[in-house]
Amino acid sequence: MREAGGSVSRLAPPMRPSDPQYARQAAESRRAAIRAAASRWHAFGATALVCLLGLFVPTPAHADKIRDLVQVAGVRSNQLIGYGLVVGLDGSGDQTTQAPFTTQSLENMLQQFGITVPASARPQLKNAAAVMVTAELPPFAKPGQAIDVTVASIGNAKSIRGGQLLMAPLRGADGNVYAVAQGSVVVGGVSAQGKSGSSVQVNISASGRIPNGASVERIVASSFAGGGDLTLNLNTADFTTAARIATAINQAYGAGTAQPLDGGSVSVRGPQDPAQKVAWLGAIQNLDVQPGDAPARIVVNSRTGTVVIGSDVRVTAAAVAHGAIQVTIGEQALVSQPAPFSKGQTAIVPSSSVQISEDGAHMFKFGPGVSLDTIVRAVNQVGATPSDLISILQALKQAGALHADLVVI
C-alpha cells in the first residue's frame, strides 16, 4: 500500500491461535469481561438489598397533632343572646293580635325617638317580626371585630326573608352587653301560599343569618395571659392518651414540663411572658402523639335505627335466634239482607279478620372472640333490620356475650 510520501507499508499479518501473544490477549479480554460483569452484579445486588431492607422498615404508627386532641383550659367561646325586631317584611310579619309583644317592642323603640303612640291605637303590623338573636363570641375577640349572628322568629311570622334587623344588644350569661347586632337577614328557605290555602315551603324561612352582623364591644377576661401553669383538657378522656401527651412534651422540653393530672387533663409548665407563651404553646400543639385505642363501644340511636359498632368489639361464643311476629287485621263491610216479606231492614255489618303469623326464626352462631366483620356478615345473612339488630345486641349484652359498652342515645 503506497502512502503520501511514496513509501510502501504493509498490513500486519493476523495472529494465529498457536501464537503466544494471541493467548495472552484472549486471557486479558476474558478477565476484563469478568470484572465488568462482577461490577454490574455488585451494583444490582446493592440495589436489591436496599429495596429488600425497605420492606422490613417499620412504618410509623398513626399520630395526631396535640392541637387535635386537647383544648387549652380557659380558651373557649361564649354564647350571646339578644332580642330584636326585624322590619321591612312583605306582609309576612307577626299578627299583632296573637303576638302583642311585637307591638309593645315597636312602641318602646318609637318612644326613644320622641314618638308617642296613643294608648287607644292598635297598630296592625304585618311588616315587623319579633326575633331572638344568638351569636357565639370566639376566644380572644377584640372590640371592633365582626361575628356572625343567627336570627329566629319567636312570634307567628311566616317568613323573615328580606327583613332588616334593627340594633339589638347581645348579652352574655353575666348580663353584660358584649356585642351589638344589626343588618340584613339572609334566609335560605322559601315559602309561598295561595288564596285557596295551599302552600309550598322549602327549608325554614322563619330563621336566617347575618354574616358579620354583630360588632364586638367588650373583651372577655381570659386566664391565658396570666401567670401559672396551663392545663390541656383532652377532647376525649383517656389515661393512655394523657400519659403519651405528657411524655411527648417532656421529651421535647425536658422532664417535669408536663404532668398528667388525670385521664382528662395534663398540666404544663410554661414561660411567664405572654409573648413567649404564645409561641411556646404553638410549638407544643404541633407535637405528634399517638392517641390510645378507642374503647369497645356500640352506639345505638333508637329513634333513627342507626347502629355504629366500633372496630374493637368482640363477642364470645353465643347462638342467636330471632324471629318476627306479624299481625294482620282486615276490615270488610258486609250487607245484611232480610228475608222477603219479613219486614226487616237492610243493614251494613262490619266484619273483621285477624291473622297472626310468625316467620321462621333464623339461628346463627358466633364463635369465641369474633370480630366486627363476622358480626356484620352474620346479621346481614339473616336479613335483620336495624330494629332487629338493636334487639340482638341488647340480648347479647344481657347474656354477657358482648364485650363492649352499649350506649343508647
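Not measured: the values here are computed from a predicted model.

As paired strands, strand 12 (residues 258-262) and strand 13 (residues 265-268) are joined by four bridges and run antiparallel to one another. Residue pairing in the sheet places alanine 258 in a bridge with valine 268 of strand 13. Linking two consecutive strands that pair antiparallel, namely strand 12 and strand 13, is a turn of two residues.

Using the criterion set out here, one finds two salt bridges in the structure. For aspartate 148, the salt bridge goes to arginine 209, with nearest N and O atoms at 3.4 Å. Of the two residues, aspartate 148 is situated in strand 5 (residues 146-153) and arginine 209 in strand 10 (residues 207-216); the sequence distance between them amounts to 61 residues.

By secondary structure assignment, the location of serine 215 is in strand 10. The exposure class of serine 215 is partly exposed, given its relative accessible area of 27%. As for serine 215 and glycine 144, which are separated by 71 residues in sequence, their C-alpha atoms are 5.6 Å apart. Not counting the four nearest positions on each side in its chain, serine 215 is found in contact with Gly144, Gln145, Tyr178, Ala179 and Val180.

Next up on the list: the packing of aromatic side chains. Where two aromatic rings form a pair, the distance of their centres and the angle of their planes describe that pair. The full count for this structure, using the stated rule, is zero aromatic pairs. Over the ring of tyrosine 178 we find arginine 218; its NZ or CZ atom is 5.6 Å from the centre of that ring.

What follows concerns unusual backbone geometry. Of note, phenylalanine 140 is a non-glycine position whose phi angle comes to about 65 degrees, a positive value. With respect to the secondary-structure elements, phenylalanine 140 resides in the loop between strand 4 (128-137) and strand 5.

Now for the confidence of the model for the protein. Per-residue pLDDT for the protein averages 76, and the proportion of residues at 70 or more is 69%. By mean pLDDT, the top-scoring element of the protein is strand 7 (residues 177-184) (95), and the lowest-scoring one is helix 1 (residues 20-56) (52). Segment residues 1-12: pLDDT under 50, and six contacts once partners within four positions in sequence are set aside and those in other chains are kept. In this model, residues 41-60 is a region of pLDDT below 50 whose contacts with residues beyond four sequence positions or in other chains number zero contacts.

This next bit is on the side chain of threonine 102. Considering the arrangement of structural elements, one finds threonine 102 in helix 2 (residues 100-112). Residue contacts for threonine 102: discarding those within four places in its chain leaves Leu85, Asp94, Leu125, Ala128, Ala129 and Ala130.

This part takes up the sheet that holds strand 16 (residues 306-309). The sheet built from three strands is open, its strands ordered 16-15-23 with mixed pairing. Strands at the two margins of the open sheet, each flanked by one partner only, are strand 16 and strand 23 (405-408). Sheet twist, expressed as the mean angle between neighbouring strand axes with direction ignored, is 15 degrees. Where strand 15 (residues 297-301) and strand 16 come together, four bridges link them in antiparallel fashion. Bridged to isoleucine 298 within strand 16 is isoleucine 309. Helix 6 (residues 386-399) rests against strand 15, strand 16 and strand 23 of the sheet, and its axis sits at about 135 degrees to strand 23.

Looking at the largest pocket, its volume works out to about 290 Å³. Along the walls of the largest pocket sit Tyr83, Gly84, Leu85, Ser105, Asn108, Met109, Gln112, Phe113, Leu166, Met167, Ala168 and Pro169, which together make up its complete lining. For the lining of the largest pocket, the secondary structure elements donating two or more residues are strand 3 (78-87), helix 2 and strand 6 (164-171). In terms of residue class, the lining of the largest pocket is built from eight nonpolar, four polar and no charged. Size it by volume and the second largest pocket reaches roughly 190 Å³.

About the thresholds
- Residues numbered from 1 in each chain as written.
- Predicted model: local features only at pLDDT ≥ 70, side-chain atom pairs only at ≥ 80, totals over all residues.
- Heavy atoms only, no water.
- Pairing = 2+ DSSP bridges.
- Helix = DSSP H or I, 4+ residues; strand = E, 2+ residues; numbered from the N terminus.
- Salt bridge = Lys/Arg side-chain N within 4 Å of Asp/Glu carboxyl O.
- Buried < 20%, exposed > 50% of the residue type's maximum accessible area, 1.4 Å probe, protein only.
- Contact = heavy atoms within 4.5 Å.
- Phe/Tyr/Trp six-rings, centres within 6.5 Å; stacked < 30°, edge-to-face > 60°.
- Lys NZ or Arg CZ within 6 Å of the ring centre and 35° of its normal.
- pLDDT = per-residue confidence, 0-100.
- Axes fitted to C-alpha atoms, helices over the stretch in contact; angles between N-to-C directions.
- 1 Å grid on protein atoms, 1.4 Å probe; cavity = no way out; pocket = protein on both sides within 12 Å on 5 of 7 lines; lining within 4 Å.
- Points joined across faces, edges and corners; volume = space filled by probe spheres on them.
- Nonpolar A, V, L, I, M, F, W, Y, C, P; charged D, E, K, R; others polar.

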